[in-house]
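Next come the chains, spelled out residue by residue.
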Amino acid sequence: MAVMAEVSTTAGAALRSPASPAPAPVKEGDAEKLRFIEEMTSDVDAVQERVLEEILARNADTEYLSNCGLAGATDRATFRAKVPMATYEDLQPYIRRIADGDRSPILSGHPVSEFLTSSGTSAGERKLMPTIEDELNRRQLLYSLQMPVMNLYVPGMDKGKALHFLFVKSETKTPGGLAARPVLTSYYKSTHFKNRPFDAYNNYTSPTAAILCADAFQSMYAQMVCGLVQRHDVLRVGAVFASGLLRAIHFLQLNWEQLAADIETGAVTPRVTDPSVREAVADILRPDPELAAVIRAECSSGDWAGIITRIWPNTKYLDVIVTGAMAQYIPTLKFYSGGLPMACTMYASSECYFGLNLRPMCDPSEVSYTLMPNMCYFEFLPMDAAASGGDASQLVDLARVELGREYELVITTYAGLNRYRVGDVLQVTGFHNSAPQFRFVRRKNVLLSIESDKTDEAELQRAVERASALLRPHGATVVEYTSQAYTKSIPGHYVVYWELLARTPADGEAVDRETLDQCCLQMEEALNSVYRQSRVADGSIGPLEIRVVRPGTFEELMDYAISRGASINQYKVPRCVTFPPIIELLDSRVVSSHFSPALPHWTPGQRNDD
């Protein structure tokens, strides 16, 4: 034990940045996990070489690698020479055969146990990612590393509970009989989760039966009422994505009267019909008129600022992803939480789980993830190469990325994805031991385009942020947005849908038409010079339009996506929409429309990437 304590102290010190506050004592139970992180990150190239050999050896007889001409080789040189980069479209014929029931070793030498569904595109299409049984062990391992890292920064997390809003989606079956479901549904329904041993650091207020209930209302209701009843035990509040946590707050706004009434009487609403959920809630819910009075007092005034800390006063931080597209939720989360820190702990996807944030209490703008080299084989396509198409010869190994450069992530997984382009753009921000750390920049090719202009997700977000600053004097913010490239008019123009959040109804009414018109112009000023040249010199793009939609519209949009098979856990508001029913839904909720009143600034000779 003495040796373990010494190792854990060393590992804990290594994991903290020099600017970190004085450390909490490392718990003996965390020592092994912290040591594992240090071992994995000390020589990432050696770990990666071993991982690639393991993957190629176990998948040596697969049709895909045979077609590549690998002939059983497991060395890097042959892999690099023979295996091309692949997109989902490249793999789709193989995946379709597996989904239809072909059990031969097509992509993986191990049997495909199920398909994990991606969150898909704005058109509602879902990708099927094959996975294998032992992939659950790798996911579970990454989950097990989160709290040992967090304990270095926030002490006492074993003294209470987590109010995490976790949800499953009803799974479907492929024609060949394999389950097809979101990765989190797969995990929550696994024995790893359902039969997990008690862990004081991952003690949830939500009963497992509530998490496993596929009915969104019943699951949310049960998790919310249990979270309210145990409100003084709650030390952290969270959801997978920021949008999920805001959906929970909106649920409280809509249903606090029913929740308070049920807490007062100790009876579960008849709207919860799932017997297992009713039983699980009944084990926790007792008549509590005093708590009911607190909920009514806090929720009836219409003042929702700081509601999280008012209802759950011992909350130390929000556990929620606010990187990438989720970053635009940060102001709203600050409003509802009273400025609580936001911890983004893990980087994962349907294809594979990738890594951890080793400084989880950093500012959201500084979040970087350390990719764990045992999860899969990582390669990176420099973005300047990707912009011109790119090929496999330009791929860079994990140990050879350069500080400050941006790359597209390419992975080779145990489940049989080979040199697969994930579509995430990452920037190298530093190193932990020899392991690079990456900032998530954006999803690749999420674009608005009318002509030669190209606006990506990060640029659109910056434009919204710049324009929304004009709303602050009026007590309003943009709570949600999406866009479309409107080409039914000539010239076409950008349409951006805004849902506004006002501190009071009067504030919302105080945002005048002139201010919203100016917001359109401010968005245009923030867009790239190709866009502004098209507006000013070429006249090939019309004035940007903001369509303000009524409150609750994006909630309806999410409900629509869920009704079409999206997962409540994985759902992210699409930043550009093309699917006609979605556009029709948005347009039917528009309460006012505004156009840029002038041309944005542009002068000849500006660089196109400024």
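- As annotated in an unreviewed UniProt entry, the chain carries the name Indole-3-acetic acid-amido synthetase GH3.8 and comes from Panicum miliaceum.
- Looking at the Sequence similarities (unreviewed entry) heading of the UniProt record, one finds this comment for the chain: "Belongs to the IAA-amido conjugating enzyme family."

1. Observations regarding the packing of aromatic side chains
Consideration 1: Scanning all chains against the criterion turns up 17 aromatic pairs.
Consideration 2: Aromatic pair Phe79 and Tyr377: ring centres 5.9 Å apart, planes at 85°, arrangement edge-to-face. With Phe79 in helix 5 (residues 76-82) and Tyr377 in strand 12 (residues 377-382), this pair connects stretches of sequence that are 298 residues apart. The burial state of Phe79 is the same as that of Tyr377; both residues are buried.
Consideration 3: With a centroid separation of 6.2 Å and 70° between ring planes, the pair formed by Tyr347 and Phe440 is classed as edge-to-face. A residue pair is termed long-range when its members are at least 10 positions apart, and Tyr347 in strand 9 (residues 346-348) and Phe440 in strand 16 (residues 435-443) qualify at 93 residues.

2. As for the pairing of strand 14 (residues 406-412)
Regular strands place side chains that alternate from one sheet face to the opposite one.
Consideration 1: In terms of burial, strand 14 is largely enclosed, as 6 of its 7 residues are buried.
Consideration 2: As judged from the 6 bridges shared by strand 12 and strand 14, these two strands associate in the antiparallel manner. When the bridges of strand 14 are listed, Leu381 appears paired with Glu408.
Consideration 3: Pairing of strand 14 with strand 15 (residues 420-432), which is carried by 5 bridges, proceeds in the antiparallel orientation.

3. Overview of the sheet that holds strand 13 (residues 396-397)
Consideration 1: If you walk across this open sheet you meet the 8 strands as 9-10-11-16-15-14-12-13, and the pairing is antiparallel. For this open sheet the edge positions go to strand 9 and strand 13, each flanked by a neighbour on one side alone.
Consideration 2: Note: strand 12 against strand 13, 2 bridges, orientation antiparallel. The residue bridging Phe380 from the neighbouring strand is Val396, located in strand 13.
Consideration 3: On the sheet, helix 3 (residues 44-58) packs against strand 12, strand 14 and strand 16 and is oriented at approximately 110° with respect to strand 12.

4. Considering the pattern of salt bridges
Consideration 1: Inspection of the entire model under this criterion finds 28 salt bridges.
Consideration 2: Measuring nitrogen to oxygen at the nearest pair gives 2.8 Å for the salt bridge that ties Asp134 to Arg138.
Consideration 3: The exposure class assigned to Asp134 is partly exposed, which follows from its relative accessible area of 21%.
Consideration 4: The class for Arg138 is buried, based on a relative accessible area of 13%.
Consideration 5: The partner of Arg421 in a salt bridge is Glu408, with the nearest N and O atoms 2.8 Å apart. Separated by 13 residues along the polypeptide, Arg421 in strand 15 and Glu408 in strand 14 bring together distant segments of the chain.
Consideration 6: Judged by relative accessible area, which is 16%, Arg421 ranks as buried.
Consideration 7: Judged by its relative accessible area of 2%, Glu408 falls in the buried class.

5. Here we look at helix 16 (residues 330-337)
Consideration 1: Judged by how many residues are buried, helix 16 sits mostly within the fold: 6 of 8 residues are covered.
Consideration 2: When helix 16 is considered as a whole, its buried residues turn out to be Ile330, Thr332, Leu333, Phe335, Tyr336 and Ser337.
Consideration 3: Residues of helix 16 that are buried in the fold lie against helix 12 (242-265), helix 15 (307-311), strand 7 (317-321), strand 8 (342-343), strand 17 (476-486) and strand 18 (493-502).
Consideration 4: One or two steps after helix 16, the chain reaches Gly338, where phi turns positive at roughly 70°.

6. Re the domain arrangement of the chain
Consideration 1: Once the domains are mapped, the chain shows domain 1 (29-132 + 350-443), domain 2 (155-315) and domain 3 (446-595).
Consideration 2: Computed over C-alpha atoms only, the centres of domain 1 and domain 3 are separated by 33 Å.

7. A short note on the confidence of the model for the chain
Consideration 1: For the chain, the average pLDDT comes to 88, and 91% of its residues sit at 70 or higher.
Consideration 2: In this model residues 1-9 is a low-confidence stretch, pLDDT under 50, and it forms 10 contacts with partners more than four residues away in sequence or in other chains.
Consideration 3: Scored below 50 in pLDDT, residues 120-124 shows 10 contacts in the model against residues more than four places distant or in partner chains.

8. Overview of the packing of helix 22 (residues 553-563) against helix 23 (residues 580-588)
Relative orientation and spacing of two packed helices are given, respectively, by the angle between their axes and the distance between those axes.
Consideration 1: The N-to-C vectors of helix 22 and helix 23 enclose an angle of 155°; their axes lie 10 Å apart at closest approach. Here helix 22 is positioned roughly antiparallel relative to helix 23, judged by the angle of their axes. Note that helix 22 runs across helix 23; the crossing there is right-handed. Listed contacts from helix 23 to Thr553, Phe554, Glu556, Leu557 and Tyr560 of helix 22 are Pro581, Ile582, Leu585 and Leu586.

9. Focus: the side chain of Gln427
Consideration 1: If you trace the backbone, Gln427 turns up in strand 15.
Consideration 2: Taking relative accessible area as the criterion, Gln427 reaches 19% and is therefore assigned buried.
Consideration 3: Engagement of the side chain of Gln427 in a polar contact is seen with the backbone oxygen of Gly404, the distance being 3.2 Å.

10. Digging into the state of the cysteines
Consideration 1: The tally for this structure, following the rule as stated, stands at 0 disulfides.
Consideration 2: Left without a disulfide partner, Cys213 is nearest to the cysteine sulfur of Cys226, which lies 12 Å away.
Consideration 3: Of all cysteine sulfurs, the one in Cys226 lies closest to Cys299, which takes part in no disulfide; the gap is 17 Å.
Consideration 4: For Cys299, a relative accessible area of 3% puts it in the buried group.

11. Considering the sheet that holds strand 7
Consideration 1: Strand order in this open sheet of 4 strands is 3-6-7-8, and the pairing throughout is parallel. Only two strands of the sheet have a single neighbouring strand rather than two, namely strand 3 (161-165) and strand 8.
Consideration 2: Here strand 3 pairs with strand 6 (residues 234-241) via 5 bridges, running parallel. Of the residues in strand 6, the one forming a bridge with Phe165 is Ala239.
Consideration 3: On the sheet, helix 12 packs against strand 3, strand 6 and strand 7 and is oriented at approximately 120° with respect to strand 6.

12. Some points on unusual backbone geometry
Consideration 1: Residue Arg419 is not a glycine yet carries a positive backbone phi of 50°.
Consideration 2: Within the secondary structure, Arg419 is located in the loop between strand 14 and strand 15.
Consideration 3: The buried category is assigned to Arg419, whose relative accessible area is 1%.
Consideration 4: At Asn433, a residue that is not glycine, the phi angle is positive and equals roughly 55°.
Consideration 5: Assignment of secondary structure puts Asn433 in the loop between strand 15 and strand 16.

13. What to know about helix 12
Consideration 1: Between its first and last C-alpha atoms helix 12 spans 32 Å; for 24 residues at 1.5 Å apiece the expected length is 34 Å, and the two agree.
Consideration 2: At Asn255, helix 12 shows its maximal kink, close to 75°.
Consideration 3: Backbone geometry just downstream of helix 12 places Gly266 in the positive-phi region, at approximately 75°.

The rules behind these values
Residues numbered from 1 in each chain as written. Predicted model: local features only at pLDDT ≥ 70, side-chain atom pairs only at ≥ 80, totals over all residues. Heavy atoms only, no water. UniProt positions renumbered as here; feature names shortened; annotations may be inferred. Phe/Tyr/Trp six-rings, centres within 6.5 Å; stacked < 30°, edge-to-face > 60°. Helix = DSSP H or I, 4+ residues; strand = E, 2+ residues; numbered from the N terminus. Buried < 20%, exposed > 50% of the residue type's maximum accessible area, 1.4 Å probe, protein only. Pairing = 2+ DSSP bridges. Contact = heavy atoms within 4.5 Å. Axes fitted to C-alpha atoms, helices over the stretch in contact; angles between N-to-C directions. Salt bridge = Lys/Arg side-chain N within 4 Å of Asp/Glu carboxyl O. Domains from an automatic or database assignment. pLDDT = per-residue confidence, 0-100. Parallel < 35°, antiparallel > 145°, perpendicular 65-115°, else oblique. Left-handed = near helix turned anticlockwise from the far one by under 90°. Polar contact = N/O pair within 3.5 Å; in protein donor to acceptor, adjacent residues only side chain to side chain. Disulfide = S-S within 2.5 Å. Expected span 1.5 Å × (residues − 1). Bend = angle between axes of the 7 residues up to and from the residue.

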